[in-house]
Amino acid sequence: MTTTFTSTNGAIQAIEQAEAAWLVALTEGEEAMTALMLGDSQAVHGPVGKIDDGKTFAHFTWTRRRHVFAKAEDLSITVHGTTAITTCLQEMHIVFDENLPPFPVQEAVTRVWEETAEGWRLAHMHQSKRMPPA
């Protein structure tokens, strides 16, 4: 992990926990995902860079491509006051068809987190597929 220390180690640890919670939320469902997002969050995803609000993204993600596994590597965190930018390589195993084994997908991901009274919440995310997964 690469870290830019413009904030305290406590903030870095809290952002690492938010990132880990996001990966768990991907396997738990749209309510778990939206609980970690700001109300006006945005996500850029898909092969053509579709832009969705957070609730639409979470609904699409859970109903269209159910995640059964998610992990991140090479996490980098930069903190500027109450805003944090993270980048990582995210691998997910996704069920598109219940009759087939989960399909592995790897993405380069950038997330923007905002600190709130409830903790760090996702404000913006951009996912870019890596085909085939490296």
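See the structure shown above.
Scope of this entry: the structure provided in the associated data block. (Residues numbered from 1 in each chain as written. Predicted model: local features only at pLDDT ≥ 70, side-chain atom pairs only at ≥ 80, totals over all residues. Heavy atoms only, no water.)

Along its length, the chain carries three helices and seven strands. Secondary structure elements in the chain, listed N-terminal to C-terminal, are β-α-α-β-β-α-β-β-β-β. Here the chain holds 134 residues, and the buried ones make up 37% of them. Excluding contacts between residues fewer than 6 apart, the proportion of contacts in the chain whose partners are at least 24 apart in sequence is 53%. (Helix = DSSP H or I, 4+ residues; strand = E, 2+ residues; numbered from the N terminus. Buried < 20%, exposed > 50% of the residue type's maximum accessible area, 1.4 Å probe, protein only. Contact = heavy atoms within 4.5 Å.)

Moving on to the nonpolar core. Within the largest apolar cluster, 28 residues are counted, with the highest numbers of intra-cluster contacts made by Ile-15, Trp-22, Leu-26, Trp-113, Trp-120 and Met-125. Among the elements of the structure, helix H1 (9–28), strand E2 (37–45), helix H3 (54–64), strand E4 (66–80), strand E5 (83–95), strand E6 (103–116) and strand E7 (119–130) are those that each provide at least two residues to this core. Apart from residues no more than four positions distant in its own chain, Met-125 is found in contact with Trp-22, Gln-42, Ala-43, Val-44, Phe-57, Val-109, Thr-110 and Arg-111. (Core = buried A, V, L, I, M, F, W, Y, C linked by side-chain atoms within 4.5 Å.)

By the element assignment, Ile-85 lies in strand E5. Among the residues examined, Ile-85 registers a relative accessible area of 35% and is labelled partly exposed. For the pair formed by Ile-85 and Ala-108, sequence separation is 23 residues and the distance between their alpha carbons is 13 Å. Apart from the residues within four sequence positions on either side, Ile-85 is in contact with Ser-76, Ile-77, Thr-78, Thr-110, Arg-111 and Val-112.

Moving on to the pattern of salt bridges. Considering all chains together, one arrives at five salt bridges under this definition. The partner of Glu-19 in a salt bridge is Arg-111, and the shortest N-O contact between them spans 2.8 Å. Highlighted residues: Glu-19 in helix H1 and Arg-111 in strand E6, separated in sequence by 92 residues. The pair Glu-19 / Arg-111 is uniform in exposure class, with both members buried. Of the charged contacts in the structure, one is a salt bridge between Glu-98 and Arg-66, with a shortest N-O distance of 3.0 Å. Highlighted residues: Glu-98 in the loop between E5 and E6 and Arg-66 in strand E4, separated in sequence by 32 residues. (Salt bridge = Lys/Arg side-chain N within 4 Å of Asp/Glu carboxyl O.)

What follows deals with H3. What H3 keeps buried is the set Gly-54, Phe-57, Ala-58 and Thr-61. The buried side chains of H3 occupy one side of the element, clustering within an arc of 95° when seen end-on. Of the residues in H3, the exposed ones pointing more than 90 degrees away from the buried face are Lys-55, Thr-63 and Arg-64. Packing partners of the buried residues in H3 comprise H1, helix H2 (30–35), E2, strand E3 (50–53), E4 and E7. Of the residues flanking the start of H3, the one acting as N-cap is Asp-53, its side-chain oxygen 3.1 Å from the backbone nitrogen of Lys-55. (Arc of directions from axis to C-beta. Polar contact = N/O pair within 3.5 Å; in protein donor to acceptor, adjacent residues only side chain to side chain.)

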